[in-house]
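Overview (structure and organization)
Below are the chains, spelled out letter by letter.
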Amino acid sequence: MQLFYAPDMDPASGRYALSEEESRHCVRVLRLAPGDSLYLTDGRGTLCRAEVTDVASRRCIVEFRECTEGFGRRDWYLHVAVAPTKNMDRLEWFVEKATEIGIDRITPVVCDRSERRTVKTDRLKRVATGAVKQSLKAYHPIIDEAVPLRELVAAPFDGDSFLAHCEEGLPRRSLKGCLLPGRRSRILIGPEGDFSPEEIALASRSGFVAVSLGESRLRTETAALAAVHSVAFVNEK
């Protein structure tokens, strides 16, 4: 299956022109020709089979043949808020792998001990798009702009909220012991220097449950991915 990302597609129109970048990949890399089939997703659950009808070096026109709504829809929801890493490659790696496993929303969160306070989300969105296509998913995760931790913990959330920290003197529960299948979860992952005691106290007052991801001290992106995998594992059928 060759999957292309088409966020503005309208199956009711009958036809769709791939973007210049997607057209180039379709024609020059995959060498698809009129009559060949491919698949499109809008990133919101719609998956369509289409047929190539017209090609040029920078343009590829397809006609919709059949569409499925809610393709691969999950009965659980996951939002991970993670402190941006000093090396952006590591954050991009997390976004890619989390998208492949399954995640609904990613928010870079700026903490007291953050090594990085600005994030170019356009790049993260492109990484997520590539992972959507590679893993054959019809849902594209939301990638937020960076927000202060205090703003994020104050935001309402209809589900279970967790904060993973490494402060041994403070009470923590095992994340895997807290997770339940079919639930909405929001998980906070801090920077390499961990959350400050003030941030942990603030999150606790805001209803976040303090959790541990195991005995090993993990890098930020590893901890975030471990949390994603834990949620996916609990919901595995």
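Above this note sits the structure.
Residues numbered from 1 in each chain as written. Predicted model: local features only at pLDDT ≥ 70, side-chain atom pairs only at ≥ 80, totals over all residues. Heavy atoms only, no water.

**What to know about the state of the cysteines**
Using the criterion set out here, one finds one disulfide in the structure. Disulfide partner of Cys 48: Cys 67, at an S-S distance of 2.1 Å. Taking the torsion about the sulfur-sulfur bond, which here is approximately 110°, the covalent link between Cys 48 and Cys 67 counts as right-handed. Note that Cys 48 is positioned in strand S4 (residues 47-56) and Cys 67 in strand S5 (residues 59-68), a separation of 19 residues in sequence. Given a relative accessible area of 35%, Cys 67 falls into the partly exposed group. Take Cys 178: it sits in no disulfide, and the sulfur closest to it among the cysteines is that of Cys 166, at 16 Å. On the accessibility criterion, Cys 178 (11% relative accessible area) is buried. (Disulfide = S-S within 2.5 Å. Helix = DSSP H or I, 4+ residues; strand = E, 2+ residues; numbered from the N terminus. Buried < 20%, exposed > 50% of the residue type's maximum accessible area, 1.4 Å probe, protein only.)

**Some points on the pairing of strand S3 (residues 37-41)**
In the sheet, strand S1 (residues 3-5) pairs with S3 via three bridges, with the strands oriented parallel. Paired with Tyr 5 across the bridge in S3 is Thr 41. Judged from the five bridges that link them, S3 and S4 form a sheet pairing that is antiparallel. Residue Leu 38 lies in a different strand from S4, and its bridge partner there is Ala 50. (Pairing = 2+ DSSP bridges.)

**Comments concerning the side chain of Ser 23**
Position of Ser 23 among the secondary structure elements: in helix H1 (residues 20-29). Given the relative accessible area of 0%, Ser 23 is considered buried. Ignoring anything within four residues of it in the chain, the contact list for Ser 23 reads Leu 18, Arg 28, Arg 58, Arg 59 and Cys 60. (Contact = heavy atoms within 4.5 Å.)

**Observations regarding the sheet that holds S4**
Spatially, the five strands line up as an open sheet ordered S1-S3-S4-S5-S2, and their pairing is mixed. The two strands at the open ends of the sheet, each matched to only one other strand, are S1 and strand S2 (15-17). Ignoring strand direction, the axes of neighbouring strands in this sheet form an average angle of 40°. With respect to the sheet, H1 is in contact with S1, S3, S4 and S5, its orientation differing from that of S5 by roughly 90°. In the packing of helix H3 (residues 121-134) onto the sheet, the strands contacted are S1 and S3, and the crossing angle to S1 comes to about 155°. (Axes fitted to C-alpha atoms, helices over the stretch in contact; angles between N-to-C directions.)

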